[in-house]
Amino acid sequence: MHISKSFTFALILLSMIVVPINQAAAQDSLFASPVNYGAGTSPYSVFANDLDGDGDNDLAVANWDSDDVSILHNNSDGTFQAAVNYAVGDRPVSVFAADLDGNNSNDLAVCNIISNNVSVLFNNGDGSFQTPVNYEAGQDPNSVAAVDLDGDGDIDLAVTDEFSDSISVFRNSGDGIFQAVGIFETGDGPYSVFAIDLDGDNDNDLAIANKYSDDVSVLHNDGDGTFQTAVNYEAGNGPNSVCADDLDGDSYNDLIVANTGSNNISVFINNGNGTFQAAVNYDVGNRPVSVVTADFDSDGNNDIAVANKFSNNISVLLNTGFGTFPEEINCEVGTRPNSLFAADLNSDGSSDLAVANTNSGDVSILINLIQTGIGESSDKVLPENIRLSPNYPNPFNPTTTISFTIERSHFVTLDIYDLLGRKILTLIEEDRQAGLHSVSFNALGLSSGVYYYRLNVGDISQSRRMVLIK
């Protein structure tokens, strides 16, 4: 069941979450209305990283029809300068920005699907780029990930070869020169690759979305940049994009796959050893083609954003804290969004979105309206002696249990707020001894929707979200 959040933005009186009043720009979502910036012809992929060394995230966009990459420099406030374009190979479809030559500036790796190669563009140190060096890949390279695969501290490349049913690995010599060292079999039609530690052994494994076999391949790293035989997990119809993040708070990375044919995403929860539970599917828009994760609502849990190509919008699915996603928020963007990337673009500490729109020839910037309160308490900076746990169950009807732990005796308040920041109820207002405490909240007289609970212990506050479904 999906609940559409209808926001009338006001100040939410929670110490770590503040939503500015911005009704005109709100778009019934967490984000301001999109601001669009021109790129090349048919923008196909977008990536955000600091390219010019000034500490804010710039944009790199691979343009399908103009055979180039557009660089949009950030003005440090989430607005961007006019695109500067650099020629690459034939039909660039994927771009990744990372320091490839070890000089502390981020370079570019670009997959060119028609010329069957990968272009590497070295950064001059100021966000301008040299003529590309090309490396031959397999047939129809569709996606590239640039991470350290062999544990030597250098950034290597993993490239999906759609019609070779394999992934090519390129080892970095340490100076940005690459050597093809292995081809590893995947499922049928590998279309997207994501590299991250999946089994907790501190090396980067690979997850690959296989478009034609309707599954995701997991290739475990042996620690030296070679990979074990793929283990495949059934996804939806036409998996087109894959990413990984900790969704259920157990410190292990789970998998998220966008399925273009079945108009949903598949979530695979990690068992804690790099194996995964059966997929749980969530409906999104029409033809989801790209998926990313970030904590969009600043509640300490990783949420999901999906680009829906044929409905010309993005879907944001908010996490309950248990790796389930009952809430969906939709935001309009440009025409035929094909790729999105989550990053802090205006330096306020919250995750914004950049979306590459293929048919409208631009990039939509969606600025997050939730402030994290830099310098204030949040899940990520609270002292370890205080913990406010996710309520259980969540979603709930009509009762749920809220638990918290304090290390020392203290005066404690626990309050319930609605979405507009109005206090609904005080559950606790008294001295409590050190240890674990739990209290039941009964929402019998309240309507379905999103509520927050806030724990105050001395000068420290922590808040979480809960969802009432009747």
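Source: prediction; values computed, not measured.

### Quick notes on the overall build of the protein
Then step 1. Secondary structure summary: the protein contains zero helices and 35 strands in total.
Then step 2. Against the compact-globule benchmark of 23 Å for 470 residues, the protein has a radius of gyration of 22 Å, which places it among compact chains.
Then step 3. In terms of its C-alpha atoms, the protein occupies a principal-axis envelope of roughly 65 × 45 × 40 Å.
Then step 4. Looking at the protein residue by residue over its 470 residues, the buried ones come to 60%.
Then step 5. Sequence-distant contacts, at least 24 apart, represent 48% of the contacts inside the protein between residues at least 6 apart.
Then step 6. Accessible surface computed for the protein: about 17,200 Å², of which carbon and sulfur atoms make up 45%.
Then step 7. The positive charge centre, built from 17 side chains, and the negative charge centre, built from 65, are 13 Å apart in the protein.

### Notes on the layout of surface pockets
Then step 1. The computed volume of the largest pocket comes to approximately 810 Å³.
Then step 2. Around the largest pocket sit 39 residues that line it, and Ser 192, Ser 241, Val 242, Ser 290 and Val 291 are the ones nearest its centre.
Then step 3. Where the lining of the largest pocket is concerned, the elements lending two or more residues are strand 2 (43–49), strand 6 (92–98), strand 10 (141–147), strand 14 (190–196), strand 18 (239–245), strand 22 (288–294) and strand 26 (337–343).
Then step 4. When its residues are assigned to classes, the lining of the largest pocket shows 23 nonpolar, 12 polar and four charged.

### Looking at the pattern of salt bridges
Then step 1. Enumeration according to the criterion identifies 10 salt bridges in this entry.
Then step 2. Ionic pairing is found between Asp 299 and Arg 465, a salt bridge with its closest N-O pair at 4.0 Å. Here the residue Asp 299 occupies a position in the loop between strand 22 and strand 23 (303–308), and Arg 465 occupies one in strand 35 (residues 460–468), the gap between them amounting to 166 residues. Judged on exposure class, the residue Asp 299 and its partner Arg 465 are both buried.
Then step 3. Lys 423 is the salt-bridge partner of Asp 415, the closest N and O atoms lying 3.9 Å from each other.
Then step 4. Taken together, the shared-partner salt bridges connect Asp 65, Asp 67, Asp 90 and Arg 91 into one network.

### A short note on the packing of aromatic side chains
Then step 1. On inspection of all chains with the given rule, the structure shows 15 aromatic pairs.
Then step 2. With a centroid separation of 5.7 Å and 70° between ring planes, the pair formed by Phe 31 and Phe 296 is classed as edge-to-face. Linking Phe 31 in the segment before strand 1 (35–38) with Phe 296 in the loop between strand 22 and strand 23, this pair joins segments that are 265 residues apart in sequence. Taken as a pair, Phe 31 and Phe 296 share a single burial class, namely buried.
Then step 3. Aromatic side chains Tyr 282 and Phe 325 sit 5.6 Å apart centroid to centroid with 85° between the ring planes, which places their arrangement in the edge-to-face category. Taken together, the positions of Tyr 282 in strand 21 (residues 280–283) and Phe 325 in the loop between strand 24 (313–318) and strand 25 (327–332) put the pair 43 residues apart, joining distant regions of the chain.
Then step 4. An aromatic cluster is defined as three or more aromatic residues linked by ring pairs; in this entry it consists of Phe 47, Phe 96 and Phe 341.

### Regarding the sheet that holds strand 29 (residues 386–388)
Then step 1. Read across the open sheet, the three strands follow the order 29-30-33; overall the sheet is antiparallel. Edge strands, defined here as strands with exactly one partner in the open sheet, are strand 29 and strand 33 (435–442). Pairs of neighbouring strands in the sheet enclose a mean axial angle of 15°, with direction left out of account.

### Let's talk about the nonpolar core
Then step 1. Within the largest apolar cluster, 63 residues are counted, with the highest numbers of intra-cluster contacts made by Leu 59, Leu 100, Leu 108, Leu 157, Leu 206, Leu 345 and Ile 365.
Then step 2. Among the elements that take part in this core, strand 6 stands out by supplying five residues, more than any other.
Then step 3. With 20 residues, the next largest nonpolar core counts Phe 31, Ala 342, Leu 366 and Ile 370 among its residues.

### Considering the pairing of strand 4 (residues 68–72)
Then step 1. Burial analysis of strand 4 places five of its five residues in the buried class, the great majority of the element.
Then step 2. One ladder, built from five bridges, connects strand 3 (residues 58–63) with strand 4; its direction is antiparallel. Residue pairing for strand 4: Ala 62 is matched across the bridge by Val 69.
Then step 3. Between strand 3 and strand 4, which pair antiparallel and follow one another directly, the connecting turn spans four residues, one of which, Asp 67, has a positive phi of 50°.
Then step 4. Pairing analysis gives four bridges linking strand 4 to strand 5 (residues 84–87), with the strands arranged antiparallel. By the bridge assignment for strand 5, Ile 71 is matched with Val 84.

### Thoughts on the side chain of Asp 246
Then step 1. Structurally, the position occupied by Asp 246 is in the loop between strand 18 and strand 19 (254–259).
Then step 2. Within the local environment of Asp 246, its side chain forms a polar contact with the backbone nitrogen of Ser 251, the two atoms lying 2.8 Å apart.
Then step 3. In this structure Asp 246 touches Ser 251, Tyr 252, Asn 253, Asp 254 and Asn 302, once residues within four positions along its chain are discounted.

### Examining the state of the cysteines
Then step 1. Within the structure shown, the criterion is met by zero disulfides.
Then step 2. Free cysteine Cys 243: the closest other cysteine sulfur is in Cys 331, separated by 17 Å.

### Describing the sheet that holds strand 1
Then step 1. Ordered in space as 1-28-27-26, the four strands form an open sheet in which the pairing is antiparallel. Where the open sheet ends on each side, the last strands, each with one partner, are strand 1 and strand 26. For this sheet, the mean angle separating the axes of adjacent strands, direction not counted, is 25°.
Then step 2. Relative to strand 28 (residues 362–366), strand 1 runs antiparallel, the two being bridged by four bridges. Across the sheet, the residue bridging to Gly 38 is Asp 362, located in strand 28.

### Here's the deal with the confidence of the model for the protein
If pLDDT is low for a region, its predicted coordinates should not be looked at in detail.
Then step 1. Confidence along the protein averages 89 in pLDDT terms, with 90% of residues attaining 70 or more.
Then step 2. Under a pLDDT of 50 for its full length, residues 372–384 has, in the predicted model, 24 contacts with residues more than four places off or in other chains.

### A word on the side chain of Asp 101
Then step 1. Tracing the backbone shows Asp 101 in the loop between strand 6 and strand 7 (107–112).
Then step 2. One buried charged residue, Asp 101, remains without a salt bridge, the closest side chain of opposite sign being Arg 171 at 18 Å.
Then step 3. Those residues within four positions of Asp 101 in sequence are excluded, and the remaining contacts are Asp 107, Phe 122, Gly 174, Asp 175 and Gly 176.

The rules behind these values
- Residues numbered from 1 in each chain as written.
- Predicted model: local features only at pLDDT ≥ 70, side-chain atom pairs only at ≥ 80, totals over all residues.
- Heavy atoms only, no water.
- Helix = DSSP H or I, 4+ residues; strand = E, 2+ residues; numbered from the N terminus.
- Rg over C-alpha atoms; globule rule 2.2 N^0.38 Å.
- Buried < 20%, exposed > 50% of the residue type's maximum accessible area, 1.4 Å probe, protein only.
- Contact = heavy atoms within 4.5 Å.
- Areas by Shrake-Rupley, 256 points an atom, 1.4 Å probe, with all protein chains shown as cover.
- Lys, Arg positive; Asp, Glu negative; His and termini not counted.
- Charge placed at Lys NZ, Arg CZ, Asp CG, Glu CD.
- 1 Å grid on protein atoms, 1.4 Å probe; cavity = no way out; pocket = protein on both sides within 12 Å on 5 of 7 lines; lining within 4 Å.
- Points joined across faces, edges and corners; volume = space filled by probe spheres on them.
- Nonpolar A, V, L, I, M, F, W, Y, C, P; charged D, E, K, R; others polar.
- Salt bridge = Lys/Arg side-chain N within 4 Å of Asp/Glu carboxyl O.
- Phe/Tyr/Trp six-rings, centres within 6.5 Å; stacked < 30°, edge-to-face > 60°.
- Pairing = 2+ DSSP bridges.
- Axes fitted to C-alpha atoms, helices over the stretch in contact; angles between N-to-C directions.
- Core = buried A, V, L, I, M, F, W, Y, C linked by side-chain atoms within 4.5 Å.
- Polar contact = N/O pair within 3.5 Å; in protein donor to acceptor, adjacent residues only side chain to side chain.
- Disulfide = S-S within 2.5 Å.
- pLDDT = per-residue confidence, 0-100.

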